[in-house]
Amino acid sequence: MLRKIHAYHIGVILLGCLLLISISLPLITTEPPVQPFLYKDNGELLSIPPLHPSQDHLLGTDRNGKDLLYALIEGAKYTIIFAGVVTLSRMIISLVAGLLFKRLFMNSWFGGLLQGFQYVPQSLIALLILSPLLFYELRTESVLSYNETLLIQLIVLVATGVFPLGKIIAETAQSLSRYEYVTCAKHMGASSIQIIMRHIFPHLLPRLFVICGRQFAQVLTLMLHLAIYHLFIGGIMISSGQEHDQFNNYNTLSNEWTGLISMYHRELMLDPFVIMFPVTAYTLLILSVNVMTKSLEKTVSKRLFYY
Amino acid sequence: MRIMFSIGKQVALLVVCIVLLSSTPSLLAGKSGIALSVTRYVQTVFDVLKGLFRPDLQTLYTHTQHLAFPRIPVNRSVVFLNEITERPLFPEIWDSILYTLSLLLFSFAVAFLAAVLLGWVTELLPSAFKKGIIRATDLLEALPDLFFVFCIQLAVVWIYKKTGWLAANPFTSSKEPSFFLPVIALSLVPAIYLFRMQLVLSQTEIQKDYITFARSKGISRRKIIFHHLLRNTLHELSIHLPFIMLLLFSQLVVIEYLFNMNGVIGILLSDQRPETRAMLLLLIVLPLYGTIKAIELIVRKVRNPYAA
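What this report covers is the structure whose coordinates are included nearby.

Rules of the game
Residues numbered from 1 in each chain as written. Chains lettered and ligands numbered in written order. Predicted model: local features only at pLDDT ≥ 70, side-chain atom pairs only at ≥ 80, totals over all residues. Heavy atoms only, no water. Helix = DSSP H or I, 4+ residues; strand = E, 2+ residues; numbered from the N terminus. Buried < 20%, exposed > 50% of the residue type's maximum accessible area, 1.4 Å probe, protein only. Contact = heavy atoms within 4.5 Å. Areas by Shrake-Rupley, 256 points an atom, 1.4 Å probe, with all protein chains shown as cover. Axes fitted to C-alpha atoms, helices over the stretch in contact; angles between N-to-C directions. Parallel < 35°, antiparallel > 145°, perpendicular 65-115°, else oblique. Left-handed = near helix turned anticlockwise from the far one by under 90°. Nonpolar A, V, L, I, M, F, W, Y, C, P; charged D, E, K, R; others polar. Expected span 1.5 Å × (residues − 1). Arc of directions from axis to C-beta. Patch = residues over 30% accessible without salt bridge, like charges linked within 9 Å, V, L, I, M, F, W, Y side chains within 5 Å. Salt bridge = Lys/Arg side-chain N within 4 Å of Asp/Glu carboxyl O. 1 Å grid on protein atoms, 1.4 Å probe; cavity = no way out; pocket = protein on both sides within 12 Å on 5 of 7 lines; lining within 4 Å. Points joined across faces, edges and corners; volume = space filled by probe spheres on them. Bend = angle between axes of the 7 residues up to and from the residue.

Across its full length, chain A carries eleven helices and four strands. Expressed as lengths along the three principal axes of its C-alpha atoms, the size of chain A is roughly 90 × 55 × 30 Å. The buried share among the 307 residues of chain A stands at 51%. Contacts spanning at least 24 positions in sequence make up 69% of the contacts within chain A whose residues lie at least 6 apart. Only carbon and sulfur atoms are counted for the fraction: they give 66% of the accessible area of chain A, which is about 15800 Å².

Residues and elements named next belong to chain A. In this structure, Gln215 sits in helix 9 (residues 192-228). The buried category is assigned to Gln215, whose relative accessible area is 6%. Among all residues touching Gln215, those that are not within four sequence positions of it are Thr87, Arg90, Met91 and Leu165.

This next bit is on the packing of helix 2 (residues 68-100) of chain A against helix 7 (residues 146-176) of chain A. All names here are of chain A. Remark: helix 2 packs on helix 7, axes separated minimally by 7 Å, with the N-to-C direction vectors making an angle of 45°. The pairing of helix 2 with helix 7 is recorded here as oblique in orientation. For the element pair helix 2 and helix 7, the recorded crossing hand is right-handed. Across the contact of helix 2 with helix 7, the residue classes tally to 18 nonpolar, seven polar and one charged.

A separate point is helix 5 (residues 127-141) of chain B. Residues and elements named next belong to chain B. Look at helix 5: 21 Å from first C-alpha to last across 15 residues, which is about the 21 Å you get at 1.5 Å a residue. Taken as a whole, helix 5 has its buried residues at Lys130, Ile134 and Thr137. Summarising the axial view, the buried residues of helix 5 lie within an arc of 65°, below the 170-degree limit, and thus occupy one face. Across helix 5 from its buried face, at more than 90 degrees, point the exposed residues Ala128, Phe129, Lys131, Arg135 and Leu139.

Time to look at a nonpolar patch on the surface. All names here are of chain A. Taken together, the side chains of Leu88, Ile92, Val96, Leu100, Phe101, Leu104, Ile193 and Met197 define a hydrophobic patch exposed on the protein surface, amounting to about 800 Å² of accessible area. If one sorts the elements of the nonpolar patch by residue count, helix 2 sits on top with four residues. Relative to the assigned elements, Leu100 resides in helix 2.

All names here are of chain B. Scanning all chains against the criterion turns up three cavities of 30 Å³ or more. Space inside the largest cavity adds up to approximately 40 Å³. Sort the elements by how many residues they give to the lining of the largest cavity and helix 9 (residues 221-238) lands first, with four residues. In terms of residue class, the lining of the largest cavity is built from five nonpolar, no polar and two charged.

With that settled, the discussion passes to helix 10 (residues 241-258) of chain B. Residues and elements named next belong to chain B. Compared with the 26 Å implied by 1.5 Å per residue over 18 residues, the 25 Å span of helix 10 between its first and last C-alpha is a close match. Considering bend angle alone, the principal kink of helix 10 is centred on Leu252 and spans about 30°. For helix 10, a buried count of 16 out of 18 residues is recorded, marking the element as mostly surrounded by other parts of the structure. Just beyond helix 10, the residue with positive phi is Asn260, at close to 60°.

See the structure below:
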């Protein structure tokens, strides 16, 4: 039977291709050498970076002469993989917690306590928790290694999202367990684990994919919000010849997209094309994720309607 | 009495949650590097609670870097000295709090009114237009929030470069705080979200029986829309208001940096004591909470005036 191809199939294939290219690119080619100045053949100065898009540099270069196309493709994997890992860990932890402690999440006291997450944005929470690390890095050399920074950021980003997500999953499970067959099963003496595995989980699963897609977009947004405050995924390198903080240049270590956007933000008034390419790439990524989620949502609600 | 108790409980739990959240940095960060410690966390929570009861003792740190000139024979370059000054929090902070709050509440109102008005106008359009508009909002809603901010800043600068006319100042200078442009940037995404919600809700509402009945009685389309449809969708719309508030707040966190505004969030994220942070967060969140609860109450009263 030939299945209909949906928008999310195309989206998954596209994301997979991007990931594959991004991973294999450093294996195939090396980064184009940084050219501080471009000369004509007779030694006359032709242009200085940022170089506009041309044959040599398809998307141009930044102010230091770094090739933007290479940086974007190389950084794609960090963005996608990091956001994916955060999303998956959030989903798994809050799925287990939401199903096991459903009663607790529906409790009015605990729910009231979780209300804070409805009024304080996740980006602010993550920034508050990570801010002590931020100061260490600003004033002195970074005290953490690359892996430690990554791990701490991962833990904090997962932790900020687990509570609200757990509540959503608990509420969904609660609404699913109101069906009559669940009550029947309860009266027949089925244990709560059996009810969860047999009756709730199969109906929860398609909704979980939709929630997962929304979380992915949310995590990407969160990463950009953190990056705007110079909290780059995988650490930061500050370069400046001067002592006043105003002159600091913040560089990403990993060419990760949100980091690139934040790094080039000051180019918005000078050479907008330098920032517009990362912003366009990032926008297309979020757009495709959202379109995928929406098409998934439509098929899920249609299927639920038919059964 | 019971209502009072439940509201009091909710507010108290919200305050507790904010206290717990604002002392979390001490859970992770030790004197040097990362050290997880629960006892230090509990200690901080108690300190914060103690601090909240004595607001007059709370202080604000300000970080400055001063230009200093060492003696010329020694060194010709200038040196920046890092300095931290400590001042009482209270008369000082009101300006920033009011600025941030007015930005948030004003954009909230702008987004809501714009969405509802646009929704009314769209309802009166022919249905082919409406479908196209829903498609367009579908796409617009999928775009990330900062995309709009960058575009607005770029457009203002571009217009200024071409014509010399500055529509609004895109960055705050020390003299004039920018207000107009941040409000637009803030309210754009929530307005799109609410507008789409309004359209979708009225699409499902229009298929209900009472609308068919009203139509069969020969009541004009315009009267049905204004009298029945909008009043009923408004209630459904108000369920989404807390989410809109969260969206606005999380955008403000970034927009404050991008527009270089002197709001509370910059202070909140600089090096401050946990009790100061808890106080600042409470001063922003509690008014937002109050606004949402008040709107919910008003909507419930309008919809069902005879309920207690």
